[in-house]
Amino acid sequence: ACSRGRGVVVVICSWLAKQCLEGKAEAQLSSVSDFQFKLMRLFFLHIVDKDLNIALGYLAKFRVFSKSHSKELNELMGCLAYRDRLPKSPYAHLLSEAQWDDARTMFLETAFTVLNLPMHSPLATCMYAGCRALPSILDMHASMEKNVATAGMVPADSSELHADVDLGDRCLYHSIFACPILRRDVDVAMRLRCGHIISQEAEVSLEQRKRVKCPYCPHEGAVGDSARVYF
C-alpha cells in the first residue's frame, strides 16, 4: 500500500474537485463524489495505524459526505478503536486488496462518465453482444431444422430469427429506440398486434383507411390495436 502514497491520492482528488467545479451533470457529479469518497477512505485506512493525529485531522475532510455515506463513515470511526490491530478486527475487510482493485475500476468508470465516453469501444460491444446471442440463435436454428426433419414441416425462412437474449449489465444504456423504418432515434415507440415495434410517426405514415400493415410480416390491424412501449 505504501506505493500508493499520499501524492497519488492528492493528484486524483484534485482532478475530481476540478470536475465538480466545471458544472457537470448530476449523474456525473454523483459518480465523481462516490469515487472521491472511496479513494479518501483507502488513504485514511492507510494512515490510521501510522499516525493517529494525522488520521484524526484527515477525518475532517469527510464532513461533506456525512449525509451520502453515513454508514461508511460510522465504519471508519469504528476503525479508530481497533487501529493497533485493524487486520484482525471486524473491519479487516476494508484492508483487502480487492478494495484497491475496485478503486481502479471505479476510476476508469468515473473518468469515462465525466468525459462522456463509452468504457468499451462500439466494436467490442457488438462483438460481446453477438457472442452472448449466438448460442440462443444456434439453438433456435437447430430446433427448426429438427422439426423439418422429424415432422416434415415446411422449412421457414431462418435468415431472421427473433430471440430475447440477456446481455448482462455491461450492455445497459440509457433508454432509446431507433425506429427501423425512419432509421433514427425517436421518443414514442408503438407495438403492433403482431409484436413488431415501430415508431408512432412511422405507424401514422403507414396508416391507410384506419388500418396499418406491418412492414415486417403479413399482419394488418386497426390503428387502435397498437400499444405504446415504455423503455
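Residues numbered from 1 in each chain as written. Predicted model: local features only at pLDDT ≥ 70, side-chain atom pairs only at ≥ 80, totals over all residues. Heavy atoms only, no water.

K.L.:
How should I be thinking about the overall build of the protein in this particular structure?
P.N.:
Secondary structure assignment for the protein yields seven helices and eight strands. Taken across its 231 residues, the protein has 29% of its residues classed as buried. Carbon and sulfur atoms make up 56% of the accessible area of the protein, which totals about 15400 Å². (Helix = DSSP H or I, 4+ residues; strand = E, 2+ residues; numbered from the N terminus. Buried < 20%, exposed > 50% of the residue type's maximum accessible area, 1.4 Å probe, protein only. Areas by Shrake-Rupley, 256 points an atom, 1.4 Å probe, with all protein chains shown as cover.)

K.L.:
Would you take a moment to explain the sheet that holds strand S6 (residues 211-213) for this structure?
P.N.:
The pairing of strands in a sheet happens through backbone hydrogen bonds and is either parallel or antiparallel. The strand order S5-S6-S7 describes an open sheet built from three strands, whose pairing is antiparallel. The two strands at the open ends of the sheet, each matched to only one other strand, are strand S5 (207-208) and strand S7 (220-222). Across two bridges, S5 lies against S6 in antiparallel orientation. Within the sheet, the bridge partner assigned to Gln 208 lies in S6 and is Arg 211. (Pairing = 2+ DSSP bridges.)

K.L.:
Help me understand the pattern of salt bridges, please; the structure alone is not making it clear to me.
P.N.:
One side chain can pair with another of opposite charge once the charged atoms of both are near each other. In total, this model carries six salt bridges according to the counting rule given. The salt bridge partner of Glu 97 is Arg 104, with a shortest N-O separation of 3.8 Å. Classification of Arg 104 as partly exposed rests on a relative accessible area of 41%. Two residues, Asp 225 and Arg 193, come together in a salt bridge whose shortest N-O distance is 3.8 Å. Of this pair, Asp 225 sits in the loop between S7 and strand S8 (227-229) while Arg 193 sits in the loop between strand S3 (189-191) and strand S4 (197-199), and the two are 32 residues apart along the sequence. We classify Arg 193 as exposed; its relative accessible area is 55%. Each of Glu 97, Asp 101 and Arg 104 takes part in salt bridges that share partners, so that together they form one network. (Salt bridge = Lys/Arg side-chain N within 4 Å of Asp/Glu carboxyl O.)

K.L.:
What's the story with empty space enclosed by the protein in this structure? I'm lost.
P.N.:
Rolling a probe over the atoms, with the probe sized like a water molecule, indicates the empty space that remains. All chains considered together, the criterion is met by one cavity of 30 Å³ or more. Approximately 60 Å³ is the volume found for the largest cavity. The wall of the largest cavity is formed by Leu 192, Arg 193, Val 212, Cys 214, His 219, Gly 221, Ala 222, Asp 225 and Ser 226. (1 Å grid on protein atoms, 1.4 Å probe; cavity = no way out; pocket = protein on both sides within 12 Å on 5 of 7 lines; lining within 4 Å. Points joined across faces, edges and corners; volume = space filled by probe spheres on them.)

K.L.:
Just to check I follow, could you spell out a nonpolar patch on the surface for this structure?
P.N.:
Judged by side-chain polarity, Phe 107, Leu 108 and Met 119 come together as a nonpolar surface patch covering roughly 230 Å² of accessible area. Topologically, Phe 107 is positioned in helix H5 (residues 97-114). On the basis of relative accessibility, which here comes to 30%, the residue Phe 107 falls in the partly exposed class. (Patch = residues over 30% accessible without salt bridge, like charges linked within 9 Å, V, L, I, M, F, W, Y side chains within 5 Å.)

K.L.:
Explain the environment of His 46 here, please?
P.N.:
Looking at the secondary structure, you find His 46 in helix H2 (residues 26-47). The class of His 46 is buried, set by a relative accessible area of 14%. Along the chain, His 46 and Leu 95 lie 49 residues apart, while their C-alpha atoms are 8.4 Å from each other.

K.L.:
Hey, could you run me through the packing of aromatic side chains in this one?
P.N.:
Scanning the model with the defined rule gives eight aromatic pairs in all. Seen in terms of ring centroids, Phe 37 and Phe 65 are 5.3 Å apart; in terms of plane orientation they differ by 70°. Their pairing is edge-to-face. Here the residue Phe 37 occupies a position in helix H2, and Phe 65 occupies one in the loop between helix H3 (52-59) and helix H4 (70-81), the gap between them amounting to 28 residues. Three or more aromatic residues link up through ring pairs in this structure, and these residues are Phe 37, Phe 43, Phe 44, Tyr 58, Phe 62 and Phe 65. (Phe/Tyr/Trp six-rings, centres within 6.5 Å; stacked < 30°, edge-to-face > 60°.)

K.L.:
I'm lost on the confidence of the model for the protein in this one. Help?
P.N.:
Regions with low pLDDT should not have their predicted coordinates read in detail. For the protein, per-residue confidence averages 77 on the pLDDT scale, and 78% of positions sit at 70 or higher. In the predicted structure, residues 1-6 sits below a pLDDT of 50 and forms seven contacts with residues beyond four places in sequence or in another chain. (pLDDT = per-residue confidence, 0-100. Contact = heavy atoms within 4.5 Å.)

K.L.:
What exactly am I supposed to notice about the sheet that holds S4 here?
P.N.:
The antiparallel open sheet is built from three strands, whose spatial order is S4-S3-S8. Two strands close off the open sheet at either side, each with one partner strand: S4 and S8. Averaged over all neighbouring strand pairs, the angle between strand axes comes to 45°, with direction disregarded. (Axes fitted to C-alpha atoms, helices over the stretch in contact; angles between N-to-C directions.)

K.L.:
Sorry if this is basic, but what is going on with the nonpolar core here?
P.N.:
Grouped together as the largest cluster of nonpolar side chains are 19 residues, with contacts concentrated most on Phe 44, Leu 45, Tyr 58 and Phe 62. The set of elements that each furnish at least two residues to this core consists of H2, H3 and H4. Ignoring any residue separated from it by four or fewer positions in sequence, one finds Phe 62 in contact with Phe 37, Met 40, Arg 41, Phe 44, Leu 73 and Leu 76. Judged by nonpolar contacts, the second largest core, of 10 residues, contains Phe 177, Ile 198, Cys 214 and Val 229. (Core = buried A, V, L, I, M, F, W, Y, C linked by side-chain atoms within 4.5 Å.)

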